[in-house]
Structures are given as structure tokens and as C-alpha cells.
Amino acid sequence: HIPDNYLSPQTDAVMAVAMVPVWVHCIKKVRATLDREHMAFLGICAAFSFLLMMFNVPLPGGTRGESATSAVPLRQESLQRFGGALIALLLGPEAAAIAVSVALALQALLFGDGGILSFGANCFNMAFVLPFAAAIVFRALNSRLHDKS
């Protein structure tokens, strides 16, 4: 997660504004494609993503992923990347963007993890780029593997 005051307020504002059309598109797409049962599953996926983001994964050598040049600790988010990609493959990248955004909002508001000012930047990185990139890579690999078999 990007903590508060790590990026400039202008960058935080631009990233938050950039996420608004993404959220609008994702909400429209999810409402049009998911039924009630899958909406409940989306809630479970959001809780799963929240749970995975709460784990602090240690790095080799006994450290926690602290930056040597900064007093700001940087956490390794490999489990979160796995969760966001899995949700994107199960329900689609739009649903994953909503689930991860909800998990990031809860973390920022309840635990101060990431930060409220940097919420837009965190959502851009983890709720937009991550699920859509995972879906694109999966579709490319899947079509390539099915062509050869």
C-alpha cells in the first residue's frame, strides 16, 4: 500500500479523479452481468481480498520489506496480488475492481493501512491495474494454449 504523505496531494487527487470513471464503469458492468447469487459471492471475494491484504509477508533475510532510504515501511503485497487476480479470473476484472476497492477502503478507514489521501492511488494500482492486467494475461495465454491443442 502507498501510505499517506508518500505521494504529493496533487498526485493523490489526480489518481482519485482517474478512478471515478473506472468505478462508474465497473458498477454498471457488474449490475448488468451479475445476478444475486454472484453478488453474494462478490461480497465473499471482497472479504477474502481484505483478509489477504492484512497479512504482512516477510521478505528473505528476516526483514519485513522496509525501505532502506525512507522511514516509511513498504509492505510486500504478493498475497493481495494473488487475491485480486483470482477474483478477476472468477468474476471478471470489473467485479474484482469493486471487491478490491471495498477492501482497500475498509483498510484505510479502520486500520489506517495505506491511507485515506492515497486511497485513489492504491485503488489505481491494486484495484484497476492488477485485475485488468491479470485478465488480459489470462485471456492471451488461454487463447494461445487452446490454439495449439
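It should be noted that the structure appears before, not after, this text.
For clarity, every value in this text was computed on a predicted model and none was experimentally measured.

Engineer: Describe the overall build of the chain, naming the residues involved and giving the relevant values.
Structural biologist: Counting secondary structure elements, the chain contains five helices and zero strands. Written out in order from the N terminus, the α and β elements of the chain read α-α-α-α-α. Pairs at least 24 apart in sequence give 73% of the contacts found in the chain among residues at least 6 apart. Summed over its atoms, the accessible surface of the chain is roughly 8,800 Å², and 68% of this surface lies on carbon and sulfur atoms.

Engineer: Explain the packing of helix α1 (residues 9–33) against helix α4 (residues 93–111) to me, using residue names and the numbers behind them.
Structural biologist: Put simply, α1 and α4 touch, their axes get as near as 8 Å, and they point 120 degrees apart. Viewed along their axes, α1 and α4 adopt a mutual orientation that is oblique. In this structure, the crossing between α1 and α4 has a hand that is left-handed. Note on element contacts: α4 touches α1 through E94, A95, A97, I98 and S101, opposite W23, H25, C26, I27, K29 and V30.

Engineer: Run through helix α2 (residues 36–53), naming residues and quoting values.
Structural biologist: Counted at 1.5 Å a residue, the expected span for α2 with its 18 residues is 26 Å, and the 26 Å between its end C-alpha atoms agrees. Among the residues making up α2, those that are buried are L42, C45, A46, S49, L52 and M53. Each buried residue of α2 lies within a common arc of 130 degrees when the element is viewed along its axis, so the set occupies one face. Projecting away from the buried face of α2 at angles above 90 degrees are the exposed residues R36, E37 and I44.

Engineer: Please provide a residue-by-residue account of the packing of aromatic side chains, values included.
Structural biologist: Enumeration according to the criterion identifies three aromatic pairs in this entry. Consider the rings of W23 and F119, whose centres lie 5.8 Å apart with planes at 25 degrees: the pair is stacked. Residue W23 is found in helix α1, and its partner F119 is found in helix α5 (residues 119–148); the two are separated by 96 residues along the sequence. Ring centres of F124 and F128 lie 5.4 Å apart, and the angle between their planes is 45 degrees; on these two criteria the pair is classed as tilted. Placement of the pair is F124 and F128 together in helix α5, with a separation of four residues, close to one helical turn. By relative accessible area, which is 25% here, F124 ends up partly exposed.

Engineer: Tell me about α4, and please be specific about residues and values.
Structural biologist: For α4, spanning 19 residues, the distance from its first C-alpha to its last is 26 Å, which sits close to the expected 27 Å at 1.5 Å a residue. Directly beyond the C-terminal end of α4, a positive phi value near 70 degrees is found at G112.

Engineer: Residue-level account of the environment of C45, with values.
Structural biologist: Mapped onto the elements, C45 comes out in helix α2. Given the relative accessible area of 5%, C45 is considered buried. Linking C45 and A88, residues 43 residues apart in sequence, is a C-alpha distance of 9.9 Å.

Engineer: For the packing of α2 against α4, give the residues involved together with the corresponding values.
Structural biologist: A pair of packed helices can be characterised by two numbers: the angle between their axes and the separation between those axes. Where α2 meets α4, the axes come as close as 8 Å, and the angle between the chain directions of the two elements is 50 degrees. On the basis of the axis angle, α2 is oblique to α4. Handedness of the α2/α4 crossing: right-handed. Contacts from L42, C45, A46, S49, F50 and M53 of α2 reach α4 at A95, A99, V100, A103, L104, L106, Q107 and F111.

Engineer: Tell me about unusual backbone geometry, residues and numbers included.
Structural biologist: In this model, N5 sits at a positive phi of 65 degrees, which is unusual for a non-glycine residue. Within the secondary structure, N5 sits in the segment before α1. Judged by relative accessible area, which is 69%, N5 ranks as exposed.

Conventions used here
- Residues numbered from 1 in each chain as written.
- Predicted model: local features only at pLDDT ≥ 70, side-chain atom pairs only at ≥ 80, totals over all residues.
- Heavy atoms only, no water.
- Helix = DSSP H or I, 4+ residues; strand = E, 2+ residues; numbered from the N terminus.
- Contact = heavy atoms within 4.5 Å.
- Areas by Shrake-Rupley, 256 points an atom, 1.4 Å probe, with all protein chains shown as cover.
- Axes fitted to C-alpha atoms, helices over the stretch in contact; angles between N-to-C directions.
- Parallel < 35°, antiparallel > 145°, perpendicular 65-115°, else oblique.
- Left-handed = near helix turned anticlockwise from the far one by under 90°.
- Expected span 1.5 Å × (residues − 1).
- Buried < 20%, exposed > 50% of the residue type's maximum accessible area, 1.4 Å probe, protein only.
- Arc of directions from axis to C-beta.
- Phe/Tyr/Trp six-rings, centres within 6.5 Å; stacked < 30°, edge-to-face > 60°.

Shape is all these values report; function is a separate question.
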